[in-house]
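Chain residues, written in single-letter form:
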There are 2 protein chains.
Amino acid sequence: MSPRHSAAEAAVTRATIVDHGVARASVEGLEGLTIGTLADELGLSKAGVVGPFGSKEALQLAVLKRATEIFKADVWDPAAELPAGRKRLAAVAENWISHLTRRVFPGGCFVTTAATEWDAREGPLHDAVAAAQGRWLATLRADAEVAVRAGELPRATDPAQLAFELNGVAMSLNQMLVLFDDKKAPARARRAVKRLLGPG
Amino acid sequence: MSPRHSAAEAAVTRATIVDHGVARASVEGLEGLTIGTLADELGLSKAGVVGPFGSKEALQLAVLKRATEIFKADVWDPAAELPAGRKRLAAVAENWISHLTRRVFPGGCFVTTAATEWDAREGPLHDAVAAAQGRWLATLRADAEVAVRAGELPRATDPAQLAFELNGVAMSLNQMLVLFDDKKAPARARRAVKRLLGPG
DNA sequence: CCTACCGATCGGTAGG
DNA sequence: CCTACCGATCGGTAGG
């Protein structure tokens, strides 16, 4: 704890640590975060970094949670006011492509990096990453269901299949951008989305 | 070096280390490999593990190379005799889906894990991973080009676009299998491939 | 391929 | 939120 400072100051310190952790972890992975490196870069002691969280794992969970909030604010929230259905799904897909193309996280899609890092392990990090990704896929599926029921997509469309394929387009785009810096990749992603959702 | 043993024995030791490293790195990542853990699990000393390679990085590069050989033998080689074109591309896609579904690497697609781990960093590992993934995408594109020229795919098909989308299907499949153990994912992947390549 | 060892860094804690 | 410290482990080496 930090008895020499107010709760508000402590919250700022905590947020600073988390934000810096998000940027680093998107590049180095959540396991690549180290308390000592964060402390050096932020001009804090190691005790000052780990104190507000209690453990490295709790810090990693806080970093993951913040990253999902940033993603939601950038990709979902601008489209949230639209009525559910095909048009909202298309708007979300475009926001998603834009999010990845702008490299909001320096290391690319945060949840993809975290999911690939933790998918085959057990523990709280695995569970938190799986929950975050599962919620996102369910969100996509829900709008796809509405779109199919409303006749905005072919009746034979399987909403889970559509979410599966949209996710694949985003993952491939992310890899082309981060691994190869491929400038043509956003156009390819848009073309793939158009094939899945139709024009407009 | 190991002056007390023959070159053949040394090669076996080296291969044992690499094979074990492949299995571990598919779960923990290439950076998650540690010389001490490998030594314990193989009943070797740390010097015995690192000696044949000279450094951890050289060991990581050897592990990555071995993983790409296993992938090629499992996914590409069984289809290599077929004439280039749409049918071979479909056979390779089916082998790829089978490869991921059988969990040949316990942590899922090795190159995807390595690419996500190293995509935003610099150095020999980044370069080796990018080269491996680039070769694979070029292989897919080459067969797509032949297929388009032969009229086996619509003339408007962009071969690079097709490789981009096939890659996305495989990445999404890999995530569904490893993160969620989703038994429906292989069928979804096959359906997506059929939409991209046509039936048969 | 082993023993014995090196300096550096890891996550974390006691006490203020 | 800091100093000072803990045992464990990191990659790697000398010498046999």
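Refer to the preceding data block for the structure.
Residues numbered from 1 in each chain as written. Chains lettered and ligands numbered in written order. Predicted model: local features only at pLDDT ≥ 70, side-chain atom pairs only at ≥ 80, totals over all residues. Heavy atoms only, no water.

Caption draft 1: Seen up close, the interface of chain A and chain B. Listed per partner, the contact involves 42 residues of chain A and 42 residues of chain B. Roughly 3,600 Å² of surface becomes buried between chain A and chain B when both sides are summed, with 57% attributable to carbon and sulfur atoms. Of all residues in chain A, F164, L179 and R188 of chain A bury the most surface against chain B, accounting for 20% of the area lost on that side. At the surface where chain A touches chain B, the tally comes to eight salt bridges. Across the pair R195 of chain A and E165 of chain B runs a salt bridge whose closest N-O atoms are separated by 2.0 Å. Counting the contacts that link chain A with chain B gives 17 residue pairs in polar contact (both at pLDDT 80 or more). Every element with two or more residues in the side of chain A that touches chain B is listed here: α1 (7-28), α6 (110-118), α7 (124-149), α8 (159-180) and α9 (185-197) of chain A. When residues of the side of chain A that touches chain B are assigned to their parent elements, the largest contribution, 15 residues, is made by α8 of chain A. By residue class, the composition of the side of chain A that touches chain B is 21 nonpolar, twelve polar and nine charged. (Contact = heavy atoms within 4.5 Å. Buried area = accessible area lost by both parts, 1.4 Å probe. Salt bridge = Lys/Arg side-chain N within 4 Å of Asp/Glu carboxyl O. Polar contact = N/O pair within 3.5 Å; in protein donor to acceptor, adjacent residues only side chain to side chain. Helix = DSSP H or I, 4+ residues; strand = E, 2+ residues; numbered from the N terminus. Nonpolar A, V, L, I, M, F, W, Y, C, P; charged D, E, K, R; others polar.)

Caption draft 2: Representation of helix α6 (residues 110-118) of chain B. In terms of residue burial, α6 of chain B counts as a mostly covered element, since nine of its nine residues are buried. Every buried residue of α6 of chain B is accounted for by F110, V111, T112, T113, A114, A115, T116, E117 and W118 of chain B. (Buried < 20%, exposed > 50% of the residue type's maximum accessible area, 1.4 Å probe, protein only.)

Caption draft 3: Region of the structure containing the relation of the copies chain A and chain B. When chain A is fitted onto chain B, the two copies agree to an RMSD of 0.0 Å after a turn of 180° and an axial shift of 0.0 Å. Both chain copies can therefore be described as sitting about a two-fold axis. By C-alpha distance to the rotation axis, the residue of chain A lying nearest is G168 of chain A, at 2.0 Å. Here 100% of the interface residues in chain A have copies in chain B that are interface residues too; the copies meet face to matching face. (Least-squares fit on C-alpha atoms with pLDDT ≥ 70 in both.)

Caption draft 4: Focus on the pattern of salt bridges. Within the structure shown, the criterion is met by 26 salt bridges over all chains. In this structure, R121 of chain A engages E28 of chain B in a salt bridge whose closest nitrogen and oxygen atoms are separated by 3.9 Å. One end of the pair, R121 of chain A, is in the loop between α6 and α7; the other, E28 of chain B, is in helix α1 (residues 7-28), on a second chain. Here the salt bridges share partners, and the residues they tie into one network are R24, E28 and E41 of chain A together with R121 of chain B.

It is worth stressing that arrangement in space is one thing and function is another; only the former is reported here.
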